[in-house]
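Listed here are the chains, written in short residue letters.
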Amino acid sequence: MLFLKLTVTAAMCIVLSYFFGIAMIPLLRKYKTGRYEPYIGDRFAADGSEPSFGGAVTLVVLLFGVSVAAAYITDRKRLLIFAAFVTLITAAGTADDIMTEVHGKAYGVKTSVKLGYTYAVSLTAVLLGKFLGLTGSAVLLPFGMGFFEMGKAYCPVTAAFMTAVIYSFRVLNRFGTDEETCIGGLVQTVSAVSMLGVSLMGSITKNDTFTALGLVGAAAQAGYLLWGLSPSKLRSGSSGGFFSGALTAGLIALTDFYQLAVLLTALAAFADSIAAAANFLVYRSKKKLLMRGAALHKHISMFKINDHKVIMIFSAAAFMGAAAAAGLAAYGQNRYF
């Protein structure tokens, strides 16, 4: 019965994404062109008028899906905290989009401000989860290593990992506000696969809330691809990266014992951000670049590999992360629970 309800909810999210895109794309495009024209244009061609705010638009679809799920998922506290967390984190990326898209600036909010804000919101979510008794401070480790009890370090360290996850998806989306490093639909596809991994974890651990949130998150991202898959008619913008990272980070804050498993679902995003960090550090020290592009996904695309093939490569890595997460969840259930 739960699977049927979730399937209907996911389908509703995708349908909403389609019609919401039809309504919002012309409105948002007005910021770029200065005029309102109630049409989408050729879905399979880009002309430079495509608006940003992809993450903000997808957030509305997610909130709709979470609201529907709240009708049959009893763990309303987790649903509410998750929805609030994703909204607050997406707001940071939306602020960037407003500065670049509406005010025409070449930069967004200062990185230090966004980083501090992201960490503060993450820490608040972890503290709230602990206060409400939704999580403990022990983390399940693989390979028979048992549980790692983090004690008082749990909240600040977990918030740091959540921030790293968010910024990893942000880099996978694009490098800073450089639209040239953005591949339409890449971060959303990877995030959708990650959320399916979380949903599978929920099924394995008999956690209906995670099953629901994972599937709703995946459906919201899949719905975005109707308009955002390259060539995009609705560009991801900074909000798309922050939104995608917030989906995974929010679930890390709300799980008990399986924090590492959720973290594994972000494998593809971590690979891209680590490569980008190494590229940046080498350039700062030796004035030489390791890669042809600022991030790994852009580096790969510069070898005349089209956007869809790059998405397939990173999706394969995301599937590996999701499989590892599911394996760790199954291991934990069989051995300890």
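Residues numbered from 1 in each chain as written. Predicted model: local features only at pLDDT ≥ 70, side-chain atom pairs only at ≥ 80, totals over all residues. Heavy atoms only, no water.

Novice: Mind laying out the packing of aromatic side chains, listing which residues take part and the relevant values?
Specialist: All chains considered together, the criterion is met by ten aromatic pairs. Ring geometry for phenylalanine 147 versus phenylalanine 337: centroids 6.1 Å apart, planes at 75°, classification edge-to-face. With phenylalanine 147 in strand 2 (residues 147-149) and phenylalanine 337 in the segment after helix 12 (307-335), this residue pair connects regions lying 190 residues apart in the sequence. Judged by relative accessible area, which is 48%, phenylalanine 337 ranks as partly exposed. Ring geometry for tyrosine 331 versus tyrosine 336: centroids 6.0 Å apart, planes at 85°, classification edge-to-face. Of the residues examined, tyrosine 336 reaches a relative accessible area of 30% and is grouped as partly exposed. The rings of Phe147, Phe257, Tyr258, Tyr331, Tyr336 and Phe337 are connected pair by pair, giving a single aromatic cluster. Positioned above the aromatic ring of tyrosine 39 is the side chain of arginine 29, whose terminal nitrogen or guanidinium carbon lies 4.6 Å from the ring centre. Its guanidinium or amino end placed over the ring of phenylalanine 303, arginine 292 lies 4.7 Å from that ring's centre, counting from NZ or CZ. (Phe/Tyr/Trp six-rings, centres within 6.5 Å; stacked < 30°, edge-to-face > 60°. Helix = DSSP H or I, 4+ residues; strand = E, 2+ residues; numbered from the N terminus. Buried < 20%, exposed > 50% of the residue type's maximum accessible area, 1.4 Å probe, protein only. Lys NZ or Arg CZ within 6 Å of the ring centre and 35° of its normal.)

Novice: So what's going on with the pattern of salt bridges? Residues and values would help.
Specialist: A side chain of one charge can pair with a side chain of the opposite charge if their charged atoms are brought near each other. Counted by the stated rule, this structure contains seven salt bridges. With a shortest N-O distance of 2.8 Å, aspartate 75 and arginine 78 are connected by a salt bridge. Given the relative accessible area of 18%, aspartate 75 is considered buried. Assessed through its relative accessible area of 12%, arginine 78 is described here as buried. One network of salt bridges, with partners in common, ties together Glu101, Arg174, Glu179 and Arg235. (Salt bridge = Lys/Arg side-chain N within 4 Å of Asp/Glu carboxyl O.)

Novice: Provide a residue-level description of the packing of helix 2 (residues 54-69) against helix 8 (residues 237-254), including the pertinent values.
Specialist: Running from N to C, helix 2 and helix 8 point in directions that differ by 40°, and their axes come no closer than 6 Å. The angle between helix 2 and helix 8 places the two elements in the oblique class. Residue-level contacts link Gly54, Gly55, Ala56, Thr58, Leu59 and Leu62 of helix 2 to Ser239, Gly240, Phe243 and Leu247 of helix 8. A class-by-class count of the residues in the contact of helix 2 with helix 8 yields five nonpolar, five polar and no charged. (Axes fitted to C-alpha atoms, helices over the stretch in contact; angles between N-to-C directions. Parallel < 35°, antiparallel > 145°, perpendicular 65-115°, else oblique. Contact = heavy atoms within 4.5 Å. Nonpolar A, V, L, I, M, F, W, Y, C, P; charged D, E, K, R; others polar.)

Novice: Any chance you could break down the layout of surface pockets for me, citing the residues and the numbers?
Specialist: Rolling a probe over the atoms, with the probe sized like a water molecule, indicates the empty space that remains. Looking at the largest pocket, its volume works out to about 470 Å³. Lining the largest pocket are 21 residues, with Thr111, Tyr167, Arg170, Val171 and Phe175 sitting closest to its centre. Residue assignment for the lining of the largest pocket shows that the elements contributing at least two residues are helix 4 (111-131), helix 5 (154-173) and helix 10 (267-286). A per-class count over the lining of the largest pocket returns eleven nonpolar, six polar and four charged. (1 Å grid on protein atoms, 1.4 Å probe; cavity = no way out; pocket = protein on both sides within 12 Å on 5 of 7 lines; lining within 4 Å. Points joined across faces, edges and corners; volume = space filled by probe spheres on them.)

Novice: Residue-level account of the side chain of serine 236, with values.
Specialist: Mapping serine 236 onto the fold places it in the loop between helix 7 (208-228) and helix 8. Here serine 236 falls in the buried class, since its relative accessible area comes to 2%. Looking at serine 236, its side chain comes within polar contact range of the side chain of glutamine 188, at 3.0 Å. Ignoring anything within four residues of it in the chain, the contact list for serine 236 reads Phe53, Gly54, Gly55, Asp97, Asn173, Cys182, Val187, Gln188, Tyr224 and Gly241. (Polar contact = N/O pair within 3.5 Å; in protein donor to acceptor, adjacent residues only side chain to side chain.)

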